[in-house]
Amino acid sequence: MPEFTSVDCAHMARALELAERGQFSAHPNPMVGCVIVNGDDIVGEGWHELAGAEHAEINALRAAGDRAASASVYVTLEPCAHHGKTPPCTEALIEAGVGRVIAAMQDPHDKVAGKGLKMLSDAGIVTELGLMGSAAEALNAGFISRMTRNRPFVRVKVAASIDGATAMANGESQWITGSAARADVQRLRARSGAIMTGIGTVLGDDPSLNVRGEDIDTRGLQPLRVVLDSRLRMPASARMLTLPGRTLLCCTAGQDDRELVEAGAEVSAFSADDERVDVAAVLEDLADREVNDVLVEAGPGLSGYLLANDLVDELVIYQAPHIMGSDTRRMFDTPSWTALAQRRDLEIRDVSQVGDDTRITATIRD
């Protein structure tokens, strides 16, 4: 690991801050930020704003102009070395005559994966890797998951009372959490390439599963709505089919999809896991569709199934400060767990106050 100074750390922290500006619009591309420094002066900044648009380095180079020559470039992800929708950033950096490139992490894409830094090094540019790498990896956990595991990062969101109830026994659940927590969920949706739910939630709540909020700039993008519906019980009149964006219904083979296709849904058949759609196969399909992050907003059946089958990467639990009692539904249905040894241990990553509610972010321990 190279020796980095406090000044290096400050510039990379700024690059990470810039990268996060693309959280609602950059996907399926990774979020990337770039800072160009000449002497003691920041001469250019940029971030990747929209898939298909210029990359962070190009935006920063444009801002820097001639002052990019011999400058140090701080970028949160290794510069690309291949032609995609835009030309390689490595070529632009070489042409600008920069003197040093510091990347927080290597790009896991198989068309880059070290090739970008090698190309820069071969051109005589000093390259360094690893500054604030953990922060950069956390920022793009979904992109990394898709590149390295061929499945999106799966985040399960739950709204519950302080005694762990998600609804009354009759299904009544609106609203457990307050308006601030519900607004916060809109930001989780906007960060996601897809929102997944089960047919039970659709039949019970007729949800929209879209991004709402004037302060969220998605550049008009809406996450793909994914409904696991093995027998295609979804009504053609479902609210989500009338909204902007796409809805994918995942069923098992042999279902009649004509009415739902006419209503605007896309229908795909998958293998069955007992009587369910094989969710692992659905996640692979979503990766092929370039979905980095899946937000699951579902009932205890689907959420519990994902948890029991080790398909959950992160839990986001909004806990309201009230008690709903014993005649309620719980967060997860896991009927196969019959012994304490089967429990899943969590690592709490963050606890924050959101309005009157508490948001707990946790990952599953290995």
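Anything mentioned here points back to the structure above.
Residues numbered from 1 in each chain as written. Predicted model: local features only at pLDDT ≥ 70, side-chain atom pairs only at ≥ 80, totals over all residues. Heavy atoms only, no water.

Draft legend 1. Spotlight on the overall build of the protein chain. From N to C terminus, the protein chain includes 11 helices and 18 strands. Against the globule reference of 21 Å for 366 residues, the protein chain gives a C-alpha radius of gyration of 23 Å, in line with a compact fold. If one aligns the C-alpha atoms of the protein chain with their principal axes, the spans along those axes are about 65 × 45 × 40 Å. Expressed as a percentage of its 366 residues, the buried residues of the protein chain come to 49%. Across the protein chain, the fraction of contacts at a sequence separation of at least 24, relative to all contacts at a separation of at least 6, is 69%. Surface summary for the protein chain: the accessible area is close to 17,000 Å², and the carbon and sulfur share equals 47%. Between the mean site of the 35 positive side-chain charges and the mean site of the 54 negative ones, the protein chain shows a separation of 2 Å. (Helix = DSSP H or I, 4+ residues; strand = E, 2+ residues; numbered from the N terminus. Rg over C-alpha atoms; globule rule 2.2 N^0.38 Å. Buried < 20%, exposed > 50% of the residue type's maximum accessible area, 1.4 Å probe, protein only. Contact = heavy atoms within 4.5 Å. Areas by Shrake-Rupley, 256 points an atom, 1.4 Å probe, with all protein chains shown as cover. Lys, Arg positive; Asp, Glu negative; His and termini not counted. Charge placed at Lys NZ, Arg CZ, Asp CG, Glu CD.)

Draft legend 2. Spotlight on a nonpolar patch on the surface. Taken together, Leu346, Ile348 and Val351 make up a surface patch of nonpolar side chains, about 250 Å² in accessible area. Positionally, Ile348 belongs in strand β17 (residues 346–354). Here Ile348 falls in the partly exposed class, since its relative accessible area comes to 48%. (Patch = residues over 30% accessible without salt bridge, like charges linked within 9 Å, V, L, I, M, F, W, Y side chains within 5 Å. Salt bridge = Lys/Arg side-chain N within 4 Å of Asp/Glu carboxyl O.)

Draft legend 3. Examining the sheet that holds strand β2 (residues 41–47) more closely. Reading across the sheet, the 5 strands line up as β2-β1-β3-β4-β5 and stay open at both edges, with mixed pairing between neighbours. The two strands at the open ends of the sheet, each matched to only one other strand, are β2 and β5 (126–129). On average, adjacent strands in this sheet sit at an angle of 15° to one another, irrespective of strand direction. In this structure, strand β4 (residues 100–103) lies alongside β5, joined through 4 bridges in parallel fashion. By the bridge assignment, Arg100 is partnered in β5 with Val126. Together, β1 (33–38), β2 and β3 (72–75) form the strand contacts of helix α2 (residues 56–64), whose direction differs from that of β2 by roughly 145°. Where helix α4 (residues 115–122) meets the sheet, its contacts fall on β4 and β5, and the angle it forms with β5 comes to roughly 155°. (Pairing = 2+ DSSP bridges. Axes fitted to C-alpha atoms, helices over the stretch in contact; angles between N-to-C directions.)

Draft legend 4. Representation of the packing of α2 against helix α3 (residues 89–96). Direction vectors running N to C along α2 and α3 enclose 25°, while the axes themselves pass 9 Å from each other. Put simply, α2 runs roughly parallel to α3. Considering only the axes of α2 and α3, their crossing is left-handed. When α2 is examined against α3, the residues Glu57, Ile58 and Leu61 are found in contact with a partner set consisting of Cys89, Ala92, Leu93 and Ala96. For the contact of α2 with α3, a count of residues per class yields 6 nonpolar, no polar and 1 charged. (Parallel < 35°, antiparallel > 145°, perpendicular 65-115°, else oblique. Left-handed = near helix turned anticlockwise from the far one by under 90°. Nonpolar A, V, L, I, M, F, W, Y, C, P; charged D, E, K, R; others polar.)

Nothing here speaks to function; it is all geometry.
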